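Examining the three-dimensional arrangement
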Amino acid sequence: MATFERASPALKEILLRIYNAEKPIEVDHHLYEFGSVEYYIKSSASEPFTYLSISTPLLSQGVFLSYGLSPYTLQMVRDISIDALDIVEPPTDGYQLTLRLDFSKLPHDKESLKIITEVSSVQAVILSSQLKEMLQNVNSWDISQGMYKPIKLIYHPREPFYVIRQPQKIVAVFPMRFKDHSDVIIATSFFQELMDVGSSGKWAKVPHCNWSPIPPPELIGEPFEDLSTNGGFVSFDISSHHVEGKRLDKTVWSLLNFYAYVKHHVKCTRGFIQRRMRRRMDSLVQVLEKSMIEENGEIKKIKGWKKMKKWMRLTSKSKMIKRRYHDFRKKMKRIRFRIKIHGFARFRRRWLTMPNFSSSMGYTQLKNNN
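Okay, so let's go over this structure. On a predicted model such as this, the values are computed, not experimentally measured, just so you know.

**What to know about the packing of helix α1 (residues 9-20) against helix α3 (residues 110-120)**
α3 packs onto α1 with a crossing angle of 140° between their chain directions and a minimal axis gap of 9 Å. By the angle between their directions, the pair α1 and α3 is classed as oblique. Both α1 and α3 take part in a crossing whose hand is right-handed. Where α1 approaches α3, its residues L11, K12, L15, L16 and Y19 are matched on the opposing element by S112, L113, I116, T117, V119 and S120. Partitioned by chemical class, the residues of the contact of α1 with α3 number 7 nonpolar, 3 polar and 1 charged.

Here it is in structure tokens:
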């Protein structure tokens, strides 16, 4: 789920189509989304219920999640709608959760759209509840040799992050990886600016941000492949103030979408830079277009920036062709004169040239007296 929306747009569209139908319709549909998320929607014309099964990768295979979804997660799912939603036990084979929906019990007003939207965001509810439970229930058994053991969370196979519970705070560490070198430069500048803004007095209540090109000490002993990055490590210090009441849901959702937010920022920044470069080029072309060139005693104006761009391309191509031609000539010379014999040129001039013959006898033209 690379977007910032909690609800799945495709799942919401299917559920609304079933809800708005005048009579029960047949639906048997598999839906796949980013992050190995799968939905299975089944509805029958002879039954008023709609069954929704969800399969999603778990954030962690730790103690809390070793036996499937926890009671805390199931209760959060039930709270979406007590009347119209029920959890089926056991779930459909291959899925972690199966819901039975009764759309006839939904109110016929805007509240129905809100409930269907919350049902479409059930995958976000599952992930958020898992992280909430980890932040609230990390006990003393996580302590090893006086240090708190990091919990590795895999939101996406290539984007794991760590949560470390400490006595006075919770530290979330994000290893940052980028494909392009330009993205690394943009992201590094963004992280440094984020640190400067977070350290100001105006933003004293927000989680403290820290960026480092090397792994923090809390990640000592973790796998090398998880710590090999080109964008460094971003960490947030989350205090108890940030996980109390309604702030907990906002903090958890921000942590889950931090990778997506950084990628979105880098993409927008790159597009902004490219637009500025194009505008700058257009302004320079306009200056050239307005300039005057003196030719044959007359003043001639450059007509159109397209011709100027075409002329620039032709000039660059001609230079490239000339350079390739000179390189080709050098190669041919090296091939032709690769083997050299000292004194062979003098020998050739003396013995291998055709001699010039001259005759000492004269010739007289015969004239016909007839």
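Let's pick the thread back up.
**Examining the sheet that holds strand β1 (residues 27-33)**
Read from one edge of the open sheet, 5 strands run β1-β2-β3-β5-β4, paired in antiparallel fashion. Here the strands that pair on one side only, and so sit at the sheet edges, are β1 and β4 (85-87). On average, adjacent strands in this sheet sit at an angle of 20° to one another, irrespective of strand direction. Relative to strand β2 (residues 37-43), β1 runs antiparallel, the two being bridged by 7 bridges. Across the sheet, the residue bridging to D28 is K42, located in β2. Against the sheet, α1 engages β1, β2, β3 (50-55) and β5 (97-101), with an angle of about 165° to β1.

**Looking at the pattern of salt bridges**
Any two side chains of opposite charge can pair, so long as their charged atoms come close to each other. Enumeration over the complete set of coordinates arrives at 7 salt bridges. A salt bridge links D237 to K169; the nearest nitrogen and oxygen atoms lie 3.5 Å apart. You can see D237 sitting in strand β12 (residues 233-238) and its partner K169 sitting in the loop between β9 (160-165) and β10 (170-175), a full 68 residues away along the chain. R270 serves as the salt-bridge partner of D183, at 2.4 Å between the closest nitrogen and oxygen. On the criterion of sequence distance, the pair formed by D183 in helix α5 (residues 181-198) and R270 in helix α8 (residues 258-290) is long-range, its members being 87 residues apart. Judged by its relative accessible area of 10%, D183 falls in the buried class. The partly exposed category is assigned to R270, whose relative accessible area is 28%. Each of the salt bridges in this network shares a partner with another, and the network as a whole consists of R6, K132 and D249.

Each value, and the rule that gives it
- Every chain's residues receive numbers from 1 upward, in the order its sequence appears when written.
- Per-residue local features are limited, in this predicted model, to residues with pLDDT of at least 70; the limit for side-chain atom pairs, both in listing and counting, is 80 or more; totals at the level of whole chains, interfaces and linings are taken over all residues.
- Side-chain numbers here rest on the full set of heavy atoms in the structure, without hydrogens or water.
- Working convention: axes come from line fits to C-alpha atoms, limited for helices to the stretch in contact. Angles between N-to-C directions cover 0 to 180 degrees.
- Secondary structure is summarised from DSSP: a helix means a run of H or I of at least four residues, a strand means a run of E of at least two, and numbering begins at the N terminus for each.
- An angle below 35 degrees is treated as roughly parallel, one above 145 as roughly antiparallel, one from 65 to 115 as roughly perpendicular, and anything else as oblique.
- A clockwise turn of the near helix away from the far one marks a right-handed crossing, whereas an anticlockwise turn of less than a right angle marks a left-handed crossing.
- Residue contacts are defined here by distance: any two heavy atoms, one from each residue, within 4.5 Å place the two residues in contact.
- Basically, the charged four are Asp, Glu, Lys and Arg, the nonpolar ten are Ala, Val, Leu, Ile, Met, Phe, Trp, Tyr, Cys and Pro, and anything else, Gly included, counts as polar.
- Whether two strands pair comes down to DSSP finding at least two bridges between them.
- Every case where a carboxyl oxygen of Asp or Glu lies within 4 Å of a side-chain nitrogen of Lys or Arg is listed as a salt bridge.
- Only protein chains enter the area calculation, which uses a 1.4 Å probe; residues under 20% of their type maximum are buried, those over 50% are exposed, and those in between are partly exposed.

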